[in-house]
Amino acid sequence: MRIAGPHVVATLAGCFLAEDGQPLTEYRLPECVRGKLKLAELGAREVPCELYLWPTARSYCRSPMAEIHTLGSPPLLATVLRTVCAGGVRAAEPGEFTLRAFLGGRIDLAQAEAVLGVIDAPGQQEFQVALEQLSGGLSHPLSRLREELLELLAHLEAGLDFVEEDIDFISASELEHGLAAALIQVESLAAQMTSRTEASSVPRVVLRGLPNAGKSSLLNAMVERYGTDTSSARQAALVSPQPGTTRDYLTVRLSLEGMECELIDTAGLDEGSRLAGPDRDAQGMTRQQIARADVEIHCLDASQPDVPSMLPENQTDPSVLIALTKCDLPRRIESANLSEACLAIQTSATNGVGLLSLADAIRAALGNTGKHEAAIVAATAQRCRDSLMSAAASLREAQRLVSAGGVEELLAAEIRAALNALGNVTGAIYTDDILDRVFSRFCIGK
Ligand SMILES: Nc1nc2c(ncn2[C@@H]2O[C@H](COP(=O)(O)OP(=O)(O)OP(=O)(O)O)[C@@H](O)[C@H]2O)c(=O)[nH]1
Ligand SMILES: [Mg+2]
């Protein structure tokens, strides 16, 4: 349990006894204090406890703060909560500790989002990106950029103040140079942000193929080996010898050596036959899933003779993979029909052959989609894309004004607009709305 605020020490002094007998109010440095909780509700019984104490403002929240580490029992926690609340503490809002860290100037808004990025990182890649952003990977270059622009603006405005005296505080070429340098930085950041359009950055791998091709079996086999959901309630895809078994699509989460992806089973695509009702709807859903896929795996039943429509048209597309299924059965498919550029991975859901090769191929294909290149936490990218675009637009307009010898007041206004837009990213400028959007995503206690 975590408590923050000016009266933390006084509140805890009433219910915590340090092992060394020293009163809590005498601690001056951050420390882990061993001791016991003495709670009126529990009578004479004391509960062992470690108190992580930050007695001064040198804490995450920039105010005294404490963490109570004790037995993980819900009724005990409820008792502790009642006790401290009776002493004047109130329950935190979601993300309030991080909000306080932001308001206290310990971190900026991009770093606050990175906190959540670290907590929610679905895989190694996202975790590294979030850590980098948390340590200022985005904030530092942005604040340097704002400082440079502020300096340009200051020179420009000084010139405006002394317009009678005819002193030039900054030359046109210096302005041009400064604006161009700023624009390059903003555009490169904006490009990184637009490469992350979806809130969920987990790439999507879709299994497609004719009915009965073995898609659902392959999905189950991959989940067995690479699935991240270890709960016993995990759903398995329905498998049967009857074509058209899968109608609804099923999504599972895989971790392929640290690279996370979603694997999606779809209804078999049945081009020829006339379909009605749910079968037709299932075909529509399959096509939707294919349209949203980052990588497609075409499943071809190797135990059946070739069917003309079964081969993908875009066999050289690196995001299209071919999996020959049921390779444990006698082979009847004519591999000659597969173009040479296209590597068909031989698999068997029954004996597990080829699953590793398939995993490697998916990893390689995902590496090519560029989905993993972004160096910015997805939530930040989503929130800040427009701000960066508008900063870039203002800088471009400022450049145009300089080269056209335009009015300096207008030029100053454009630079100020760019500064405001950049300020939104780090939270140097913020509204309650922005804070709500950022911190409402957090859970209580963070
Ligand atoms: N021997 C063998 N049989 C397989 C293998 N994979 C799937 N099958 C069988 O092929 C049949 C169809 O498998 P499914 O996984 O349901 O195929 P599907 O592509 O999902 O089929 P629909 O959902 O109907 O489109 C079932 O009887 C499976 O047991 C395999 O690797 N080896
Ligand atoms: Mg199926």
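What comes next is a walk through the structure. All values derive from a computational prediction rather than experimental measurement.

### So, a nonpolar patch on the surface
Phase 1: Taken together, the side chains of Phe-127, Leu-131 and Leu-134 define a hydrophobic patch exposed on the protein surface, amounting to about 200 Å² of accessible area.
Phase 2: As for its placement among the helices and strands, Leu-131 is situated in helix H5 (residues 124-134).

### Quick look at the coordination of the magnesium ion (ligand 2)
Phase 1: The protein atoms donating to the magnesium ion (ligand 2) are Ser-216 (OG) and Thr-246 (OG1), with metal-donor distances spanning 1.9 to 2.0 Å. Here Ser-216, found in helix H8 (residues 215-226), pairs with Thr-246, found in the loop between H8 and strand E7 (250-256); they are 30 residues apart in sequence, far enough to count as distant. Residue Ser-216 shares its accessibility class with Thr-246, and that shared class is buried.

### Remarks on the sheet that holds strand E3 (residues 31-38)
Phase 1: Strand order in this open sheet of five strands is E1-E5-E4-E3-E2, and the pairing throughout is antiparallel. Looking at strand neighbours, the two that pair on one side only are strand E1 (2-4) and strand E2 (16-18), the edges of this open sheet. Here the strands of the sheet are splayed against their neighbours by 35° on average, with no regard to which way each runs.
Phase 2: Bridge analysis of E3 against strand E4 (residues 46-54) gives eight bridges, and the strand direction is antiparallel. When the bridges of E4 are listed, Leu-37 appears paired with Val-47.
Phase 3: Against the sheet, helix H2 (residues 74-86) contacts E1, E3, E4 and strand E5 (65-70), and its axis sits at roughly 150° relative to E5.

### Overview of the pattern of salt bridges
Phase 1: Per the stated rule, a full pass over the model turns up 12 salt bridges.
Phase 2: We note a salt bridge from Glu-96 to Arg-100, for which the minimum N-O separation is 3.3 Å. Separated by four residues within a single helix, Glu-96 and Arg-100 lie in helix H3 (residues 96-103), roughly one turn from each other.
Phase 3: Note that Arg-204 and Glu-262 form a salt bridge whose closest N and O atoms lie 3.6 Å from each other.

### With respect to the site of ligand 1
Phase 1: Looking at ligand 1, there are 22 residues lining it, with Lys-215, Ser-217, Gly-244, Thr-245 and Thr-350 nearest.
Phase 2: Residue Thr-246 places a side-chain N or O atom 2.8 Å away from an oxygen atom belonging to ligand 1.
Phase 3: A distance of 2.8 Å separates an oxygen atom of ligand 1 from a polar atom in the backbone of Ala-349.
Phase 4: Out of a free accessible area of 650 Å², ligand 1 has 87% covered by protein chains.
Phase 5: Broken down by class, the residue content of the shell around ligand 1 amounts to seven nonpolar, 12 polar and three charged.

About the thresholds
- Residues numbered from 1 in each chain as written.
- Chains lettered and ligands numbered in written order.
- Predicted model: local features only at pLDDT ≥ 70, side-chain atom pairs only at ≥ 80, totals over all residues.
- Heavy atoms only, no water.
- Patch = residues over 30% accessible without salt bridge, like charges linked within 9 Å, V, L, I, M, F, W, Y side chains within 5 Å.
- Areas by Shrake-Rupley, 256 points an atom, 1.4 Å probe, with all protein chains shown as cover.
- Salt bridge = Lys/Arg side-chain N within 4 Å of Asp/Glu carboxyl O.
- Helix = DSSP H or I, 4+ residues; strand = E, 2+ residues; numbered from the N terminus.
- Donors = N, O, S within 2.8 Å, 3.2 Å for Na, K, Ca; no water.
- Buried < 20%, exposed > 50% of the residue type's maximum accessible area, 1.4 Å probe, protein only.
- Pairing = 2+ DSSP bridges.
- Axes fitted to C-alpha atoms, helices over the stretch in contact; angles between N-to-C directions.
- Contact = heavy atoms within 4.5 Å.
- Near = heavy atom within 4 Å.
- Polar contact = N/O pair within 3.5 Å; in protein donor to acceptor, adjacent residues only side chain to side chain.
- Nonpolar A, V, L, I, M, F, W, Y, C, P; charged D, E, K, R; others polar.

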